[in-house]
Amino acid sequence: MSVSEQQKAAYVAGQAADARVRFELETEGMTLNIGPQHPATHGTLRVIVRLDGEQVVWADPVAGYMHRGYEKLCEVRDYAQVTTLVNRIDWLGSFCNEVPFILAAEELMGIEAPPRAQYIRTVLFEMGRVANLTLFLGDMAAQVGALTPVFYAFRDREYVLNLIEAATGGRFHPNFDRIGGLKEDLPKGWIDETKLVMRKIRHFCDEIDDLLIGNRIFEERCRGIGVIPRDVALEYGLSGANARASGIDWDLRRDEPSVLAWKDADWKVWTHPDGDSFARYWVRQQEVRESTRIVEQLLDGLPSGPIRAKTPARIRVPAGETYVHTENPLGEMGYYVVSDGSPGGPFRCKIRTPSFSNVSIVPWLLRGVYVPDVITILASLYFILGDIDR
Amino acid sequence: MTGVLAGTFLGIHAAYWNATVLRLVLALGLALTGAGTFVYVYLFKMVSHLQSRLGPMETGPHGSLQLMAEVVKFIQKEDIFPRKADRWVFAGAPFVVIMSTLLIYVVIPVGPRGVVSGLDVGILYALAVSSISVIGVLMAGWASANKYSLIGALRAAGQLIAYELPLVLAIVGVVMQAGSLNLQTIVAAQAHFKLFGVGGIGLFVIPQLVGFFIFLVSAQAELTQTPFDMPIAESELVAGYMTEYSGMRFLVFFIGEFATAFALAGLASVLFLGGWWLPGMGAHWGHLAWAREAVGTGVMFAKVMLIGFVIFWVRFTLPRFREDQLQAFAWKFLIPLSLVNILVTGIAKVAAHG
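Residues numbered from 1 in each chain as written. Chains lettered and ligands numbered in written order. Predicted model: local features only at pLDDT ≥ 70, side-chain atom pairs only at ≥ 80, totals over all residues.

## What to know about the sheet that holds strand β8 (residues 348–352) of chain A
Residues and elements named next belong to chain A.
Then comes step 1: Here we have three strands laid out as an open sheet, ordered β6-β7-β8, and antiparallel in their pairing. Looking along the sheet, the strands with just one partner apiece sit at the ends: β6 (320–328) and β8. Taking each pair of neighbouring strands and ignoring which way they run, the sheet shows an average axis angle of 10°.
Then comes step 2: As defined by bridge partners, strand β7 (residues 331–339) adjoins β8 across five bridges and the pair is classed as antiparallel. Along β8, the bridge assignment pairs Tyr335 with Ile351.
Then comes step 3: In the packing of helix α4 (residues 94–109) onto the sheet, the strands contacted are β6 and β7, and the crossing angle to β6 comes to about 150°. (Pairing = 2+ DSSP bridges. Helix = DSSP H or I, 4+ residues; strand = E, 2+ residues; numbered from the N terminus. Axes fitted to C-alpha atoms, helices over the stretch in contact; angles between N-to-C directions. Contact = placed C-beta atoms within 7 Å.)

## Re the confidence of the model for chain B
Residues and elements named next belong to chain B.
Then comes step 1: In this model, chain B carries a mean pLDDT of 83, and residues with pLDDT of at least 70 account for 94%.
Then comes step 2: Averaged over each element, pLDDT in chain B is lowest for strand β4 (residues 198–199) (62) and highest for helix α8 (residues 209–222) (89).
Then comes step 3: ipTM for the predicted complex: 0.78, alongside a pTM of 0.82. (pLDDT = per-residue confidence, 0-100.)

## Comments concerning the interface of chain B and chain A
Then comes step 1: At the interface, 25 residues of chain B touch 27 residues of chain A.
Then comes step 2: Of the residues forming the side of chain B that touches chain A, the biggest block, three residues, is contributed by helix α11 (residues 323–353) of chain B.

## Let's talk about the environment of Gly345(A)
Then comes step 1: Along the polypeptide, Gly345(A) turns up in the loop between β7 and β8.
Then comes step 2: Look at Gly345(A) and you get buried, because 22 C-beta atoms sit within 10 Å. (Buried ≥ 20, exposed ≤ 12 C-beta atoms within 10 Å, placed from the backbone.)

## Regarding the pairing of strand β3 (residues 55–62) of chain A
Residues and elements named next belong to chain A.
Then comes step 1: Taken together, the seven bridges between strand β2 (residues 46–52) and β3 define a ladder with antiparallel strand orientation. For Val49, the partnering residue across the bridge sits in β3 and is Ala59.
Then comes step 2: Adjacent in sequence and paired antiparallel, β2 and β3 are bridged by two residues, among which Gly53 carries a positive phi angle near 70°.

## Structural notes on the nonpolar core
Proteins that are soluble and globular tend to have nonpolar side chains buried together.
Then comes step 1: Residues Ala105(A), Ile108(B), Phe215(B) and Ala268(B) are the most contacted members of the largest nonpolar core, which totals 214 residues.
Then comes step 2: Sequence-distant contacts of Ala105(A), that is, excluding residues within four places in its chain, are made with Tyr79(A), Ile179(A), Val317(A) and Val337(A). (Core = buried A, V, L, I, M, F, W, Y, C linked by C-beta atoms within 7 Å.)

## Details of the environment of Gln51(B)
Then comes step 1: With respect to the helices, strands and loops of the structure, Gln51(B) is situated in the loop between α1 (14–50) and α2 (66–76).
Then comes step 2: Given 18 C-beta atoms within a 10 Å radius, Gln51(B) is considered partly exposed.
Then comes step 3: Put simply, Gln51(B) and Gln159(B) are 108 residues apart on the chain and 28 Å apart in space, counted from C-alpha to C-alpha.
Then comes step 4: In this structure Gln51(B) touches Thr148(A) and Phe151(A), once residues within four positions along its chain are discounted.

## Quick notes on the pairing of β6(A)
Then comes step 1: Inspection of the sheet shows β6(A) paired to β7(A) by nine bridges, in the antiparallel sense. Paired with Asn328(A) across the bridge in β7(A) is Gly331(A).

## Here's the deal with α11(B)
Then comes step 1: Taking 1.5 Å per residue as the helical rise, α11(B) with its 31 residues ought to reach 45 Å, and the 43 Å between its terminal C-alpha atoms agrees with that figure.
Then comes step 2: Every buried residue of α11(B) is accounted for by Glu323(B), Leu326(B), Phe329(B), Ala330(B), Leu334(B), Ser338(B), Asn341(B) and Thr345(B).
Then comes step 3: The inward-facing, buried residues of α11(B) contact α15 (371–381) of chain A together with α6 (147–178) and α8 of chain B. (Expected span 1.5 Å × (residues − 1).)

## Brief notes about unusual backbone geometry
Residue and element names in this part refer to chain B.
Then comes step 1: In this model, His62 sits at a positive phi of 55°, which is unusual for a non-glycine residue.
Then comes step 2: Structurally, His62 is set in the loop between α1 and α2.
Then comes step 3: On the neighbour-count criterion, His62 (14 C-beta atoms within 10 Å) is partly exposed.
Then comes step 4: Positioned with a positive phi, Thr224 is a non-glycine residue whose angle comes to about 45°.
Then comes step 5: By the secondary structure assignment, Thr224 is in the loop between α8 and α9 (247–272).
Then comes step 6: A tally of 24 C-beta atoms within 10 Å means that Thr224 is categorised as buried.

## Details of the domain arrangement of chain A
How big an interface is tends to be stated in terms of accessible area lost as the parts join.
All names here are of chain A.
Then comes step 1: The assigned domain composition of chain A is domain 1 (1–65 + 358–390) and domain 2 (70–352).
Then comes step 2: At the interface, 19 residues of domain 1 touch 27 residues of domain 2.
Then comes step 3: Counting only elements with at least two residues in the side of domain 1 that touches domain 2, the list comes to α14 (362–366), α15 and α16 (385–388).
Then comes step 4: Per-element accounting of the side of domain 1 that touches domain 2 gives the leading share, seven residues, to α15. (Domains from an automatic or database assignment.)

Quick look at the structure:
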């Protein structure tokens, strides 16, 4: 549906809602634009809500304020340049965006990175997840009004970002993954420092336990708010922690055969049966803990050897098509790469981002809730604008 | 407060100046100093250290001049009126809010004789003028022509009215024990109060612990601070009724908020912690009466800072209630609890005086 059609539908639905409201009480609803510039939308998502007092009669998210045309740009860039673009999709866990694209290109070319590179890829992938979800743990608290956890989150995320910078040279946008391996090996002393930081992150999770989990106000604000039943979550194509919080035991890291090293670590996929905002928060908190454990185990078992397979000096991807998806911090992220065998970039690159599907449930989810719950629900769905509009 | 001027000044007898204008200027200075102290000590510094950061450090030693920098910043900002705003109401709203705050300072005693006006209905007056701020908030919310402001103002009105009730009812227990509405008499009553026959320690916080709790919670709600900051909830309503304000007018709102915090902390320390009086502080210091005045002011300040610490500690620790939870908390928990507190206080008072 185009934006104008969407707005037309919004208008009709708003009229219908007004008529319902007027029938019961002689009042008029109010249309409130939450966004595109609003502190709760982490960017430029616009949510049109029709209010009856404090209650949402009807809501609709309008995406597209940050559309940068990456799928089209991928067609006019070569494979090495595309990683720079896709870094900017989910900007809080940038490295995780590069990996599935590079894996797709490797699959088309029929080469495989050496084990050491796969291990380091997985480690950096999980550290991207830690950096991303740590910020979520603080931000969700800020959205429901507790201002202290967000500062703890920024403090401890900084340690992770420092390490990513030390290894890759880029604090936010590493641009480190190459076809056939990685740009460089890890710097000296990095492994010990990373293990220390992973302990710090686990301590941060414990602090969150002290500050929020079990706090009566936090639980009242989150429990039973924005409940997504299992079948609805499946219908809307939710993925990642949003699906797992609705009791769907599905994690691509475990369920999808992958060349990356997750299978070599001992970890657990957490699910929660409730499907409410609290469950989504809790599941992500456990995921951060599991990620720190994965990083530690993989660093302990880090194989030696080269970090880059032999690749031709000029990358030429043979004709073919493939779809590679991974479990990113926000959910399932996939690249459908079509190559026509010409030198240069992919012929077509479809990017499946988790946030786009995850916010599609917003109109269903926001009906009948109160305005403060809108914020709780949007925060707990956890989207990143670059991930919705790419 | 002793007279500073003698004879006549500007053709008016000095007694008039001493009785009114000087005192009002001192009250104004107290309000501004109090608000500034709270902002610097708690909002800038204590909270920063709670959140493992430093806060402003550049201006002055340990950032102590940051406050002036902020004020200068606000003053030089453009005074913006939204196009659809109701100009006069929009312009006047912040001053209604701060007026209600400044009027509270008239009755708060900061020393044995340091009070602008020792009204006999002091505490009743203080609570009455403090609720005028609702009008200013509603004016701001309506005149801004902004939906967020409107929602914020209506939430604020509902909240301030709901929490006014437990605030007053919490004080009834103290008033029953002291037998007076005059704040100086309440301080004196705490000096003479004997708890189970033991005098000298009888601050009303001990018998009125429940009342103290209710008062602090309601004061937190009156200040619209977390966990009761639904009216200005910054993650959803941007800044509630203050959204459209900028520059000086925003500063006036800001000062009003923290001056009210200081005033309510002052009321709490007078009502429950003995105000300027300290256990062991005698009634007569002979020719050192001025020293007693100074010590009393210092004691009062320390108590206010203590309560301010609790207010801001809670503010930056807890998440916020939802609007309906907040109302339910007032009507279903605080008000019944305060009524029970009054009942128990009455029974105890009758039993003690049998």
